[in-house]
Amino acid sequence: MKKSLLVSLFLLSAIHMAFSQEITISGKISDQTGPLPGVNIVVKGTTTGAISDFDGNYSINAPSTGTLVFSYLGYAKKEVNIGGRTTINTTLEASAEQLTETIVVGSRGQARTKLETAAPVDVISVSKQAVNMPQLDIASLLVASAPSFTAVQSQGGDLSASVNPPTLRGLGPNQLLVLIDGKRRHSGAQLIASPNGSQANSVDLSFIPLDAIDRVEVLRDGASAQYGSDAIAGVMNFITRKGTNRFTANYTAGFYSNTTPNTEGTSISESDQALLDDNGGVDGITHQLGANYGVSFENGGYLNVSGTYRQNEIAIRPNISGSTPYGDSYLNNERTDERGNIIITNPELLAAQAAGNTALAAELQTNDGLLSARGLTARDISTFAGLPASQLGVVNYSLALPLSADSETSFYSFGDFGYKNSDLLSCFYRRPAQTDRFNFDLYPNGFRPQMVNTQTNIGFTAGIEGKLGDWDFDFSNTYGKNKQVYTQFNTFNASLQSESPTEMDLGTHSFFQNTANFDMSKYYDDFLSGLNIAIGAEFRVENYIIEAGQPESFEAGDAGLFTATEDNQALIGPDGFPLTDLNGNPILGDDGNALVLPFGGVSSFPVHQHSPNSQCFRGFAPENEANEFRSVTALYLDTELDVTDKWFVSGALRTEQYTDFGGVFTGKFATRYKITDNFAVRGSLSSGFRAPSLQELNYSHTFTFFVDLVPFDGTVFPNGSSAAQAIGITALQEEKSTNFGVGFTAKLFNKIDLTVDYFDIQISDRLFDTGNFSATDAPALEPIIGSGLASFRINGGDISTKGLEVVANYNERIGDGLLGVMFSGTFMDRTFEGANIPNLNTVLSDEDLEARYIDRAVIGQYEVGNPNTTMIASVSYSLGRWSANLRGTYFGEVSRLDDGLGTLVDENFPDAGSQGFSDQTFSAQFVNDIGVTYQFSENLAFTLTGQNIFNQYPDIRRQEERGFLLYNGGQQGALGAFYSARATFSF
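Residues numbered from 1 in each chain as written. Predicted model: local features only at pLDDT ≥ 70, side-chain atom pairs only at ≥ 80, totals over all residues. Heavy atoms only, no water.

(A) Seen up close, the overall build of the protein. A tally of regular secondary structure across the protein gives 14 helices and 56 strands. In summary, the protein has a C-alpha radius of gyration of 32 Å against a globular reference of 30 Å for 987 residues, a match within 12%. Judged by the C-alpha coordinates and their principal axes, the protein covers about 130 × 60 × 60 Å. Residues counted as buried form 55% of the 987 residues belonging to the protein. When contacts within the protein are restricted to residue pairs at least 6 apart in sequence, those whose partners lie at least 24 apart make up 71%. The positive charge centre, built from 62 side chains, and the negative charge centre, built from 109, are 13 Å apart in the protein. (Helix = DSSP H or I, 4+ residues; strand = E, 2+ residues; numbered from the N terminus. Rg over C-alpha atoms; globule rule 2.2 N^0.38 Å. Buried < 20%, exposed > 50% of the residue type's maximum accessible area, 1.4 Å probe, protein only. Contact = heavy atoms within 4.5 Å. Lys, Arg positive; Asp, Glu negative; His and termini not counted. Charge placed at Lys NZ, Arg CZ, Asp CG, Glu CD.)

(B) Main features of the sheet that holds strand β19 (residues 234-240). Pairing is mixed across the open sheet formed by five strands, whose spatial order is β11-β18-β19-β14-β15. In the strand order of this sheet, the two ends are held by β11 (121-124) and β15 (183-184), each with one partner. (Pairing = 2+ DSSP bridges.)

(C) Quick peek at a nonpolar patch on the surface. Taken together, the side chains of F247, Y293, F936, L940, F942, L944, F985 and F987 make up a nonpolar region of the molecular surface, amounting to roughly 750 Å² of accessible area. When residues in the nonpolar patch are grouped by element, the largest group, three residues, is from strand β55 (residues 940-947). Relative to the helices and strands, L944 resides in strand β55. (Patch = residues over 30% accessible without salt bridge, like charges linked within 9 Å, V, L, I, M, F, W, Y side chains within 5 Å. Areas by Shrake-Rupley, 256 points an atom, 1.4 Å probe, with all protein chains shown as cover. Salt bridge = Lys/Arg side-chain N within 4 Å of Asp/Glu carboxyl O.)

(D) Highlighting the side chain of T167. Position of T167 among the secondary structure elements: in strand β13 (residues 166-168). We classify T167 as buried; its relative accessible area is 1%. With residues near it in sequence (within four places) discarded, T167 still touches S148, F149, T150, G172, P173, L176, P195 and N196.

(E) Looking closely at the confidence of the model for the protein. Residues with a pLDDT of 70 or more make up 94% of the protein, whose mean pLDDT is 88. Scored below 50 in pLDDT, residues 1-20 shows six contacts in the model against residues more than four places distant or in partner chains. Ignoring residues within four places in sequence, the model shows residues 96-103, a span with pLDDT below 50, making 31 contacts including any to other chains. (pLDDT = per-residue confidence, 0-100.)

(F) Up close: the side chain of S382. Of note, S382 is situated in the loop between α9 (367-373) and β26 (384-387). When its relative accessible area of 3% is taken as the criterion, S382 is described as buried. Those residues in contact with S382, other than ones at most four positions away along the chain, are L275, P318, N319, Y429 and R448.

(G) Seen up close, the packing of aromatic side chains. This model, assessed by the stated rule, comprises 23 aromatic pairs. A ring pair is formed by Y326 and Y330, whose centres lie 4.8 Å apart and whose planes are at 25°; its orientation type is stacked. Take Y326 and Y330: they sit in the same class, and that class is buried. Residue placement shows R169 over the ring face of F759; its charged tip is 4.0 Å from the ring centre. The residue whose ring lies beneath R448 is F384, and the NZ or CZ to ring-centre distance is 3.7 Å. (Phe/Tyr/Trp six-rings, centres within 6.5 Å; stacked < 30°, edge-to-face > 60°. Lys NZ or Arg CZ within 6 Å of the ring centre and 35° of its normal.)

(H) Highlighting the nonpolar core. Counting 58 residues, the largest nonpolar core has I138, L205, V216, F238, L781 and F792 as the members making the most contacts within it. Look past the residues within four positions of L205 in its chain and what remains in contact with it is I138, A139, F149, P166, V178 and F238. (Core = buried A, V, L, I, M, F, W, Y, C linked by side-chain atoms within 4.5 Å.)

(I) Molecular detail of the pattern of salt bridges. Applying the stated rule across the entire model yields 36 salt bridges. In this structure, D230 engages R184 in a salt bridge whose closest nitrogen and oxygen atoms are separated by 3.5 Å. Residue D230 is found in the loop between α4 (224-227) and β19, and its partner R184 is found in strand β15; the two are separated by 46 residues along the sequence. When its relative accessible area of 8% is taken as the criterion, R184 is described as buried.

(J) Structural context of the state of the cysteines. Evaluated as defined, the whole model comprises one disulfide. One disulfide in the model links C427 with C616; its S-S distance is 1.9 Å. Note on the C427 and C616 pair: the S-S dihedral is about -80°, so by sign convention the disulfide is left-handed. With C427 in the loop between β28 (410-424) and β29 (450-468) and C616 in the loop between β36 (604-606) and β37 (626-642), this residue pair connects regions lying 189 residues apart in the sequence. (Disulfide = S-S within 2.5 Å.)

(K) Layout of the environment of I192. Following the sequence through the fold, I192 ends up in strand β16 (residues 192-193). In this structure I192 comes out as buried when scored by relative accessible area, which is 4%. In the structure, I192 is positioned 273 residues away from E465 in sequence and 37 Å away in space, judged by C-alpha atoms. Setting aside its immediate chain neighbours within four residues, I192 contacts L159, S160, V163, P165, S198, Q199 and A200.

(L) Highlighting the environment of L399. Among the structural elements, L399 can be located in strand β27 (residues 389-402). Separated by 95 residues in the primary sequence, L399 and N304 have C-alpha atoms spaced 6.4 Å apart. Not counting residues within four places of it along the chain, the set of residues in contact with L399 comprises F297, Y302, L303, F411, Y412 and S413.

(M) Structural detail: helix α14 (residues 856-864). Those residues of α14 not exposed but buried are V858, I859, G860 and Y862. On its buried face, α14 sits against β44 (752-769), β46 (789-814) and β47 (817-835).

(N) Representation of the pairing of strand β40 (residues 679-690). One ladder, built from eight bridges, connects strand β39 (residues 662-676) with β40; its direction is antiparallel. Within the sheet, the bridge partner assigned to A670 lies in β40 and is S684. What sits between the antiparallel neighbours β39 and β40 is a turn of two residues. Pairing of β40 with strand β43 (residues 735-748), which is carried by twelve bridges, proceeds in the antiparallel orientation. Note that in β43 the partner of S687 across the bridge is T738.

(O) Representation of the environment of I213. With respect to the element layout, I213 can be found in strand β18 (residues 213-219). A relative accessible area of 2% means that I213 is categorised as buried. With near-sequence residues (within four places) excluded, I213 lies in contact with V126, S127, I138, I208, F238, I239, T240 and R241.

(P) Spatial organisation of a negative patch on the surface. On the surface, D846, E847, D848 and E850 cluster together to form a negatively charged patch. Checked against the element boundaries, E850 lands in helix α13 (residues 846-853). Judged by relative accessible area, which is 42%, E850 ranks as partly exposed.

(Q) Focus on unusual backbone geometry. Of note, N490 is a non-glycine position whose phi angle comes to about 60°, a positive value. Note that N490 resides in the loop between β30 (471-489) and β31 (504-524). Even without a glycine there, the phi angle at L528 is positive, about 50°. Note on placement: L528 falls in the loop between β31 and β32 (531-548). Relative accessible area serves as the criterion here: at 52%, L528 is assigned to the exposed category.

If you want it as structure tokens, here you go:
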């Protein structure tokens, strides 16, 4: 009997093992019209998955006793038991309810679709949209997909071109919180000029490449009470890819057409037009290689790895300032050193005169003639704007490992390492005519300094999530660091003359952030229609470092200084006449004769006031160095309640304590009520805050400029400095906000998803930069700055942004293909409500002090410097092996306000010849993008794309404002049309 029982048990075990062994299942997936490509197939209870090809075919390894789950947007999910079968064909049924996507951001409770949330959330499927889009980075793709989102590509401007700062609802880049898989992302080390009127630190989205992202959830609502500082404007959550058992790779090559736009009706001269036409043709050639692969483990875990490399060649858009290249003293060999010795600057002229060629000599005494003789054109001595040359490489991973077979607890980790090198278009061309920064031996025809920003960036998260009794828990630690090394080439320190290096280290900035989180939540399905309670704590440590550059980058040398070799030595040159300064003016004493230096070996005089520091950007000096830490402790409570099946309410409370400026307390309430099955209203009210970043609290930099050849130092001082205390600038406080939103969601005709939301954000104590104060303005500054200037960061004023956001989506099977139509628009009004001016220690009038405290250019940049109206419409269609997308984007008009009175010269604008502000309004712009893909086989697809396909350029700046940039850059940018081809491989 016992023996028989053992035999039976053995046979049952063998049968079970046979049926549960892993087998390969293949088949075809269809709907009522034919094969379905792109369907997700997952082995239930695991992360093992596959995707159907363009013919609907798939293949997957799974346990013989397992279950396959088939899902696809627009179709009802379907589960099929394997039952030992190796071939499973199935048909999916269309379902309008499945056209919505569940989202996570903004809620710690049950996942909801974007039509069910109490606040507006955009869900952008990067892995699907990127197929037919010309944009190669996530920031540009989001600009083309979400009208409330902007990321302006700087056309130049020192280090600002290193990062495209992301913004939401017209607010600053540091008022938008960025998350990766729900965890806080660190910002860059740099404090840069933002498109919203103030300097800001910003997350660099280029280190989050497209190949690593599945989708982006954009919460367009104040969320400080839920997520903490920086969430005044909203939250962006990047969800990384987690697919397995599939390798995908893509290679893209693209270029800018660089064709000159129509300049009719402008003040562009014939010579300026010739400069624009001398464009060299195609430029900005770009190569990008991306890859993604995921592997699943037997215990249900997975590892997904992505890699991206992008190389951009320079795209040049020269200015047309018309500045004098050489000048008379250069052309006629009248330059001298500090001892009065002649410097031969035009040897061509001497040769022509020696040969008796008077016609050639006369030609060589003109700027154009000497340029031509040296084989140069106006382009060679022009200041360049455009797209800098850069190289970017990033590796990302996402990992999950169940801790045991019978436990709901798992270990997870994700992270990235990135490197980026940018040769920045940021400096004016230094012309030989600029005698204070000239050296014939080093740069006989002048020079164009270039800055280089070399970045390394790392982000790493590890955590454990699972169950503690009836509670879900998540314990994690996130580490992030950004390091930026600033160098410069093609430059020199003119005050050192020929002793100066031409390549310099300007300094290093780094920012480190470590965040530990512990979150717990529990869902009570028997409390009314469902209650979720979440509690959590966060501890964050931050460190900001500025390291000085090499001494030659910030010091003032003694080149051009005349030191007497004997007592009572007169400043007389070899020709017997008084020495002259850089402008050719004789240096005289009070008696009208040559200046006399009384003491030999001691007395000296700066005959030539050569510009100190590295040209274009002064290196960071020891007095600018910083190494500052702070820690932040936070606690939060978050509740979500379905009062009934139709009425949802949520609330959140949060407190944060900062070691460097104090504590804050915020709250939020949101609700949604379903009036019918297809129509609901929603609204939210919250308080918010943004703590000053360590960069804003501690950044300082000194720059040198000249007025009538007299050097002046201008310094941006931290608020804790003696200069700030002397003038009465107080410590920075947090920005405080009130965010109100109301709107509705609707499904029209069971086909169109529609959301309409109104928002009103009021922010007090917004951080700005002051104008420059001199010792004349504030005598208390004189012992500190002397004849220099001082500026500060301040809680300068109150602002508001109000607007309406509309998003509509329509998806329908048309014939044998799938049609998708999308429209979205944002209509905003941004207002500077007024300056908060403290009682400063100055002698300025109230009116002058207000203009110095927050100037009109800064106010104008915030209010009208970016489009207040943006609309996006797109149509996509897929049929068989073909898919295509056509997109149009409308950027509303923008304006630029001048910050100082001057003589108006552009006759195309009113009041030419009089004193005034050179304000300008730039017309609205409309650009089109297109993408077409053909799937040659299961493993290969080819895509052709065009961005701004009709080469639409923004308006040209008025004549007074063409010093660096020719075109306005606040809309679609000034690079013109970009075309690319992409090959995509998958196995």
